[in-house]
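# Structural overview for review
So you can see what is in the structure, the chains are spelled out below.
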Amino acid sequence: SAKVTNGANTFLLSENESTYIPIGVIHALENPGKVDLELIEVQAGSYLGEDDIVRFEDVYGRLS
């Protein structure tokens with residue numbers, strides 16, 4: 001399972017479930033369990049680069 005924060009909503013996703021995150025929405029993903037979490041990220045739109053990512057809070061010490 002995956003704990004997803006998508007804007008003001010937080011919910012759990014199970015195996016073979018998905019969610020859509022609109023442009024500009026602050027979001028986060030967390031593994032609340034003990035089993036490794038695997039995900040597939042699919043980007044859509046005219047620009048698929050990752051240089052526009054802004055990290056607002058990161059407990060892993062990664063920089064924007």
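The structure this text deals with has already been given above.
Predicted model only: the values in this text are computed from it and were never measured. (Residues numbered from 1 in each chain as written. Predicted model: local features only at pLDDT ≥ 70, side-chain atom pairs only at ≥ 80, totals over all residues. Heavy atoms only, no water.)

## Quick look at the overall build of the protein chain
What counts, and what does not: Helix and strand assignments come from DSSP, with helices taken as H or I runs of at least 4 residues and strands as E runs of at least 2, each series counted from the N terminus. Residue exposure (1.4 Å probe, protein chains only): buried if accessible area is under 20% of the type maximum, exposed if over 50%, otherwise partly exposed. The protein chains shown are the only cover counted for residues, whose accessible areas, like all others here, come from Shrake-Rupley with a 1.4 Å probe. The convention is simple: Lys and Arg are positive, Asp and Glu are negative, and His and the chain ends are not counted. By convention, charge coordinates are those of NZ in Lys, CZ in Arg, CG in Asp, or CD in Glu.
Of regular secondary structure, the protein chain possesses zero helices and three strands. Start at the N end of the protein chain and walk to the C end: the helices and strands fall as β-β-β. Counting only C-alpha atoms, the protein chain reaches 30 × 30 × 25 Å along its principal axes. Considering the protein chain as a whole, with its 64 residues, one finds that 8% of them fall into the buried category. Approximately 6100 Å² of the protein chain is accessible, and the part contributed by carbon and sulfur atoms is 52%. For the protein chain, the separation between the mean place of its 4 positive charges and that of its 11 negative charges on side chains is 9 Å.

## Observations regarding a nonpolar patch on the surface
Heads up, the rule is: Exposure above 30% relative accessible area and no salt bridge define the residues that can form patches, which grow by joining like charges within 9 Å and nonpolar side chains of Val, Leu, Ile, Met, Phe, Trp and Tyr within 5 Å. A carboxyl oxygen of Asp or Glu within 4 Å of a side-chain nitrogen of Lys or Arg is what we treat as a salt bridge.
A cluster of nonpolar side chains, Ile26, Val54 and Phe56, forms an exposed patch at the surface whose accessible area comes to about 340 Å². Checked against the element boundaries, Phe56 lands in the segment after strand S3 (27-30). When its relative accessible area of 62% is taken as the criterion, Phe56 is described as exposed.

## Some details on the sheet that holds S3
Basically, it comes down to this: Should DSSP find at least two bridges between two strands, the strands are regarded as paired. Orientation is described by lines fitted to C-alpha atoms, with helices fitted over the stretch in contact, and by angles between N-to-C directions that extend from 0 to 180 degrees.
If you walk across this open sheet you meet the three strands as S2-S1-S3, and the pairing is antiparallel. Both edges of this open sheet fall to strand S2 (9-13) and S3, since each of them pairs with a single strand only. Neighbour-to-neighbour, the strand axes of the sheet open up by a mean angle of 15 degrees, direction not taken into account. By the bridge criterion, five bridges tie strand S1 (residues 2-6) to S2 in an arrangement that is antiparallel. Note that in S2 the partner of Asn6 across the bridge is Asn9.

## A look at a negative patch on the surface
A surface patch of negative charge is lined by Glu41, Glu50, Asp51 and Asp52. For Asp52, a relative accessible area of 52% puts it in the exposed group.

## As for the pattern of salt bridges
Considering all chains together, one arrives at one salt bridge under this definition. Across the salt bridge formed by Lys3 and Glu30, the nearest N and O atoms sit 4.0 Å from each other. Of this pair, Lys3 sits in strand S1 while Glu30 sits in strand S3, placing them 27 residues apart in sequence.

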